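If you want the building blocks of each chain, they are given just below.
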Amino acid sequence: AQTVTQSQPEMSVQEAETVTLSCTYDTSESDYYLFWYKQPPSRQMILVIRQEAYKQQNATENRFSVNFQKAAKSFSLKISDSQLGDAAMYFCAMDSNYQLIWGAGTKLIIKP
Amino acid sequence: GAGVSQSPRYKVAKRGQDVALRCDPISGHVSLFWYQQALGQGPEFLTYFQNEAQLDKSGLPSDRFFAERPEGSVSTLKIQRTQQEDSAVYLCASNFDRAGDGYTFGSGTRLTVV
């Protein structure tokens, strides 16, 4: 079975500092996609960053970057220069055969 | 439209009542998905459409759940004889049907069954 695990229910970080959110997954597929989504209280899932499994280079989007370790099946999200607007639930997800498999989420708290 | 639109935003139903949740995807998006998100959890897949064809409904929890997309655009998720365990946020997402592009989500419908 394909699974996605987020082991940190909650993380907090001081504004302007860096935080890393963890995600591990399990799949027997060789080709898949990984995503980090942000869900603020408005409930809308917002795509933060995506990674194609066959690409070794880690994806980067402005202050957001990933550490993708395919052999270890690890996909962590690093947020640099944390801002108050980054506060939200963050979900790791894996796309396999058009279904998204989701982790349980990590609540990110930004301390001013 | 500019985004995925879902209505109603909130729905309170008495146990046993039927409900219908609407999703209006981005114009031109071929694929449409429904997810169920229980409180404090990640979403779980319910069903998937490619145009008007329902290609996968394996995630629907019971035969009380039914989804349709008759003209390949707007979709409706119907829940018959609602039960308390149906209380959740129902999220709709769409994309151009290319895996890996990511999906655009609506703001969901929060269903509370009392």
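Right above here is the structure, for reference.
Conventions adopted
- Residues numbered from 1 in each chain as written.
- Chains lettered and ligands numbered in written order.
- Predicted model: local features only at pLDDT ≥ 70, side-chain atom pairs only at ≥ 80, totals over all residues.
- Heavy atoms only, no water.
- Pairing = 2+ DSSP bridges.
- Helix = DSSP H or I, 4+ residues; strand = E, 2+ residues; numbered from the N terminus.
- Axes fitted to C-alpha atoms, helices over the stretch in contact; angles between N-to-C directions.
- Contact = heavy atoms within 4.5 Å.
- Buried area = accessible area lost by both parts, 1.4 Å probe.
- Salt bridge = Lys/Arg side-chain N within 4 Å of Asp/Glu carboxyl O.
- Nonpolar A, V, L, I, M, F, W, Y, C, P; charged D, E, K, R; others polar.
- Disulfide = S-S within 2.5 Å.
- Buried < 20%, exposed > 50% of the residue type's maximum accessible area, 1.4 Å probe, protein only.

**Overview of the sheet that holds strand β7 (residues 65–68) of chain B**
Residues and elements named next belong to chain B.
Move 1: Strand order in the open sheet formed by four strands is β1-β3-β8-β7, and the pairing between neighbours is antiparallel. Of all strands in the sheet, those with a lone pairing partner are β1 (5–7) and β7, marking the two edges. Direction aside, the axes of adjacent strands within the sheet are offset by 15° on average.
Move 2: Bridge count for strand β3 (residues 19–24) against strand β8 (residues 75–79) is five bridges, and the pairing is antiparallel. Paired with A20 across the strands is K78, a residue of β8.

**Some points on the interface of chain A and chain B**
Move 1: Facing 18 residues of chain A, the contacting portion of chain B comprises 27 residues.
Move 2: Summed over both partners, the interface of chain A with chain B buries about 1900 Å², with 49% contributed by carbon and sulfur atoms.
Move 3: Summed over the three residues of chain A that lose the most area to chain B, namely R43, Y98 and W102 of chain A, the buried surface amounts to 38% of that side.
Move 4: For the pair chain A and chain B, the interface holds zero salt bridges.
Move 5: Per-element accounting of the side of chain A that touches chain B gives the leading share, four residues, to strand β5 (residues 33–39) of chain A.
Move 6: Across the side of chain A that touches chain B, the residue classes break down as 10 nonpolar, five polar and three charged.

**Focus: the state of the cysteines**
Move 1: Overall, the coordinates contain two disulfides over all chains when judged by the stated rule.
Move 2: Here C23 of chain A connects covalently by a disulfide to C92 of chain A, the sulfurs 2.0 Å from one another. Between C23 of chain A and C92 of chain A, the disulfide has an S-S torsion of -70° and is therefore left-handed. With C23 of chain A in the loop between β3 (19–21) and β4 (24–26) and C92 of chain A in strand β10 (residues 88–96), this pair connects stretches of sequence that are 69 residues apart. This pair shows no difference in class: C23 of chain A is buried, exactly as C92 of chain A is.
Move 3: Covalent S-S linkage joins C23 of chain B and C92 of chain B, the inter-sulfur distance amounting to 1.9 Å. Linking C23 of chain B and C92 of chain B, the disulfide has an S-S dihedral of approximately -70° and is accordingly described as left-handed. Placement of the pair is C23 of chain B in strand β3 and C92 of chain B in strand β9 (residues 88–95), with a sequence separation of 69 residues. Side by side, C23 of chain B and C92 of chain B carry an identical accessibility label, which is buried.

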